[in-house]
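# Close look at the chain arrangement
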Amino acid sequence: MDGCFSKNERLVKPAILESSVESFIIEGTCTSGEDTMLKAEDYEHFRDLLHKVETRIRGDYEHLTDEALENFGDSRSPQHLAELGTDAYEREFSLRFAESDQHVLEEIQAALGRIEDGTYGLCEDCLAAGKSNAKSVIPKTRLKEIPYARHCVSCERERESREAG
Ligand SMILES: [Zn+2]
């Protein structure tokens, strides 16, 4: 389902979204304006999905951060100093990974807030451009890939190309 998310989103997409969350199947297109508004039961599904992803990332995040800090701990004996290069690399890698997870966790919180307000699943940029709610709907196929998405895929790609340019 490559058409459902942007390049940058793919990079930070949590691994859990690739596999173990197939609790519900959604079919259809990723193009905005062609899907129906979310119903109460869809809100329930996405709330569950967001909570599941959040729990999973929190577990991984704590594990990685602990490990990263341990690698540089004071208790390390002198004969291990030769390995420092590798450890520094691993620490850097783990912390960077944790950073993108941290970003996803913030986005998940924001998405849960939008579920509460009833604005979940609407593209912020489409709305800002004056489109109706019905025309700003982020298709469910995309929300299943990126349940914390704020924008439809075309607005997201536009943002990325503006940032890149
Ligand atoms: Zn949009």
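For clarity, every value in this text was computed on a predicted model and none was experimentally measured.

In this section: the overall build of the chain. When helices and strands are counted, the chain shows six helices and zero strands. Within the chain, the proportion of its 165 residues that are buried is 24%. In the chain, the share of contacts with a sequence separation of at least 24, taken over all contacts with a separation of at least 6, comes to 80%.

This next bit is on the nonpolar core. Among the nonpolar cores identified, the biggest contains 24 residues, and Leu50, Ile108, Cys123, Ile138, Tyr148 and Cys152 are the most heavily contacted of them. Taken together, the elements giving at least two residues each to this core come down to α2 (40-70), α3 (84-117) and α6 (153-164). Considering each element in turn, this core owes the most residues, five residues, to α2.

On to the confidence of the model for the chain. Residue-level pLDDT values for the chain average 79, and 66% of them are 70 or greater. This stretch, residues 20-24, has a pLDDT under 50; its non-local contacts, to residues over four places away or in other chains, come to five contacts.

Take the environment of His51 next. Mapped onto the fold, His51 is located in helix α2. Taking the number of C-beta atoms within 10 Å as the measure of exposure, His51 has 12 and is therefore exposed. Distance in space between the C-alpha atoms of His51 and Leu112 is 8.6 Å, their sequence separation being 61 residues.

How each quantity is defined
Residues numbered from 1 in each chain as written. Predicted model: local features only at pLDDT ≥ 70, side-chain atom pairs only at ≥ 80, totals over all residues. Helix = DSSP H or I, 4+ residues; strand = E, 2+ residues; numbered from the N terminus. Buried ≥ 20, exposed ≤ 12 C-beta atoms within 10 Å, placed from the backbone. Contact = placed C-beta atoms within 7 Å. Core = buried A, V, L, I, M, F, W, Y, C linked by C-beta atoms within 7 Å. pLDDT = per-residue confidence, 0-100.

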